[in-house]
Amino acid sequence: MAVEANFDGLIGPTHNYSGLAYGNVASAENAGGVSDPRAAALQGLAKMKALADWGYVQGVLAPQERPDVAALRRLGFAGSEAQVLAGAAAEPALLAACSSASAMWTANAATVSPSADTHDGRVHFTPANLVSKYHRALEAPTTAAILRTTFADPEHFCHHEPLPGVGQFGDEGAANHTRFAADYGARGVEFFVYGRRGFADGLAPRRFPARQTLEAGQAIARLHGLDAKAVVHAQQNPAVIDAGVFHNDVIAVGNRDVLFCHAQAFADPAATYAALRAALAPVELRIVEVPGTEVAVADAVQSYLFNSQLLDRADGRQRLVVPKECSENPRVAGYLAGLMDAGGPIAEVKTLDVKQSMRNGGGPACLRLRVVLTESELAAVNPACLLSDQRYDSLVNWVRRHYRDRLRSADLADPQLLQESRQALDELTQLLALGPIYGFQR
């Protein structure tokens, strides 16, 4: 028996709107706005609590230390920490990059292969190198440390180093990866979506960069010891990348034997569907394809319809968890109402408010890393990182005590914010039994 656990990233104390992610329309549109880190973290926790209350296994992953003073020192800022921050304030883009709370989008934390798929029968993790954006490339070492502490038992878990930090192996993690199977514990098909080739010319977007390469997916499949017959690589449609679909999880989501996607998601939809069906056979892949005549790509990007969570229900049908923005877009809301009447594999839509994250371009699916676990593997997970009613209450109180309710970009240079963040993270490592994972603790 196996379950799919969702591990959500706690939103960090420096959550702000700096517009760092070129190609992410929502991030660019809200650049320079005033954020509310406290509300953001509480919204994220409320989402986790909702899933736990619905009966799903829900985990928590810690945020990263920000501002990253060590990174600023490597860029030539010197003196005391206050002097480093003051110097970096004269280069606001650099300070913002080294202060980003983007690690909260744990769909980018790693690619995970369950033990049913791997050659050695262990769960494999490869942290994403995220080399396409400096502010995200900073995350990989701490992400790796958090994953190794959360999933520590070497009998059950295997941790790989991130792929080489160069453009040819650009890797954005599970945001471009999903898995199909009859049941979570059954051997499955792993689906890697890429935006471009790293070592050859070919189809590619023209306006915005493609962050994921084919070669990255191929390398991870080898590292995880996957059966080549149970791996499918497909290219994302370059036109939708140019429309603001910077990851596949903004245009498609899958769960077990269901793929929910836009008709324009893939460069060659017919070939992609055929390859998935052949690899998954004799299990039938059920595809719910949304035509552009009903939901335009622009509406999908604005509402994050596909950046949703597709979850099992006890009756064998599935629950779609969408951001509140879907109910506010008339075309998307109308499509979802018709979807419920169609009698297909998606039986229910739940709406959650993650507005603070959405304003930076991250919906429900961005906030979670899916990890399929057997009973023995789940028992080997750091129990303090699994959400319970008591742990939820503790984390809510922790946020209320440590987080600001207003943050401007200029506040990132405030030395007091650094001290507040470190005090919060030091306490968090005790709440989640993580040990000294942050540089300031060592």
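One can find the structure itself at the top, above this paragraph.
Here the structure is a predicted model, which is why all the values come from computation and not from measurement.

How each quantity is defined
Residues numbered from 1 in each chain as written. Predicted model: local features only at pLDDT ≥ 70, side-chain atom pairs only at ≥ 80, totals over all residues. Heavy atoms only, no water. Salt bridge = Lys/Arg side-chain N within 4 Å of Asp/Glu carboxyl O. Buried < 20%, exposed > 50% of the residue type's maximum accessible area, 1.4 Å probe, protein only. Phe/Tyr/Trp six-rings, centres within 6.5 Å; stacked < 30°, edge-to-face > 60°. Helix = DSSP H or I, 4+ residues; strand = E, 2+ residues; numbered from the N terminus. Pairing = 2+ DSSP bridges. Patch = residues over 30% accessible without salt bridge, like charges linked within 9 Å, V, L, I, M, F, W, Y side chains within 5 Å. Areas by Shrake-Rupley, 256 points an atom, 1.4 Å probe, with all protein chains shown as cover. Axes fitted to C-alpha atoms, helices over the stretch in contact; angles between N-to-C directions. Contact = heavy atoms within 4.5 Å. Polar contact = N/O pair within 3.5 Å; in protein donor to acceptor, adjacent residues only side chain to side chain. Parallel < 35°, antiparallel > 145°, perpendicular 65-115°, else oblique. Left-handed = near helix turned anticlockwise from the far one by under 90°. Nonpolar A, V, L, I, M, F, W, Y, C, P; charged D, E, K, R; others polar.

Engineer: I'd like a rundown of the pattern of salt bridges, residues and numbers included.
Structural biologist: Within this structure, the stated rule accounts for 24 salt bridges. Across the salt bridge formed by Asp 68 and Arg 66, the nearest N and O atoms sit 3.8 Å from each other. One exposure class covers both Asp 68 and Arg 66, and it is buried.

Engineer: Describe the packing of aromatic side chains, naming the residues involved and giving the relevant values.
Structural biologist: Applying the stated rule across the entire model yields 11 aromatic pairs. Ring centres of Phe 125 and Phe 157 lie 6.2 Å apart, and the angle between their planes is 65 degrees; on these two criteria the pair is classed as edge-to-face. One end of the pair, Phe 125, is in strand β4 (residues 123–127); the other, Phe 157, is in strand β5 (residues 157–159), with 32 residues separating them in the sequence. The same class applies to Phe 125 and to Phe 157, which are both buried. Ring centres of Phe 169 and Phe 199 lie 5.6 Å apart, and the angle between their planes is 65 degrees; this geometry places the pair in the edge-to-face category.

Engineer: Explain the pairing of strand β7 (residues 189–194) to me, using residue names and the numbers behind them.
Structural biologist: Of all the six residues making up β7, six are buried; the element is thus mostly covered by neighbouring parts of the structure. The two faces of β7 match: Val 189, Phe 191 and Val 193 on one face and Glu 190, Phe 192 and Tyr 194 on the other face are all buried. In the sheet, β7 pairs with strand β8 (residues 231–235) via five bridges, with the strands oriented parallel. Directly across from Tyr 194, in β8, lies its bridge partner Gln 235.

Engineer: Before we move on, can you summarise a nonpolar patch on the surface with the specific residues and values?
Structural biologist: Together, Leu 75, Leu 94 and Tyr 134 make up a nonpolar patch on the protein surface, roughly 240 Å² of accessible area in all. By secondary structure assignment, the location of Tyr 134 is in helix α6 (residues 134–137). By relative accessible area, which is 35% here, Tyr 134 ends up partly exposed.

Engineer: Would you mind going over the sheet that holds strand β6 (residues 177–180) in detail, with residue names and values included?
Structural biologist: Strand order in this open sheet of three strands is β6-β7-β8, and the pairing throughout is mixed. Every interior strand has two partners, whereas the edge strands, β6 and β8, have only one. Along the sheet, successive strands turn relative to each other by an average axial angle of 25 degrees, direction set aside. Helix-sheet contacts for helix α10 (residues 269–280) involve β6, β7 and β8, and the interaxial angle to β7 is about 160 degrees.

Engineer: Provide a residue-level description of the side chain of Asn 237, including the pertinent values.
Structural biologist: Summarising the element assignment, Asn 237 is placed in the loop between β8 and α9 (238–242). The buried category is assigned to Asn 237, whose relative accessible area is 15%. Among the polar contacts made by the side chain of Asn 237, one reaches the main-chain carbonyl oxygen of Gln 264 at a distance of 2.9 Å. The residues contacting Asn 237, other than those within four sequence positions of it, are Gln 264, Ala 265, Phe 266 and Ala 267.

Engineer: Can you break down the sheet that holds strand β9 (residues 252–255) residue by residue, with the values?
Structural biologist: To summarise the sheet geometry, strands pair through backbone hydrogen bonds and adopt either a parallel or an antiparallel arrangement. Read from one edge of the open sheet, three strands run β9-β10-β11, paired in mixed fashion. Since the sheet does not close on itself, it has two edges, and those belong to β9 and β11 (286–290), each with one partner. Taken over all neighbouring pairs, the strand axes of this sheet differ in orientation by 10 degrees on average, direction set aside. Those strands touched by α10 are β10 (258–262) and β11, and its axis lies near 175 degrees from that of β10.

Engineer: So what's going on with the packing of helix α4 (residues 81–89) against helix α17 (residues 415–431)? Residues and values would help.
Structural biologist: Packing of α4 against α17 leaves a shortest axis separation of 9 Å and a crossing angle of 120 degrees. The orientation of α4 relative to α17 falls into the category oblique. In this structure, α4 meets α17 at a crossing whose hand is right-handed. In this structure, α4 contributes Glu 81, Ala 82 and Leu 85 to the contact, and α17 contributes Pro 415, Leu 418, Gln 419 and Arg 422. A class-by-class count of the residues in the contact of α4 with α17 yields four nonpolar, one polar and two charged.

Keep in mind that these numbers describe shape and distance, not what the molecule does.
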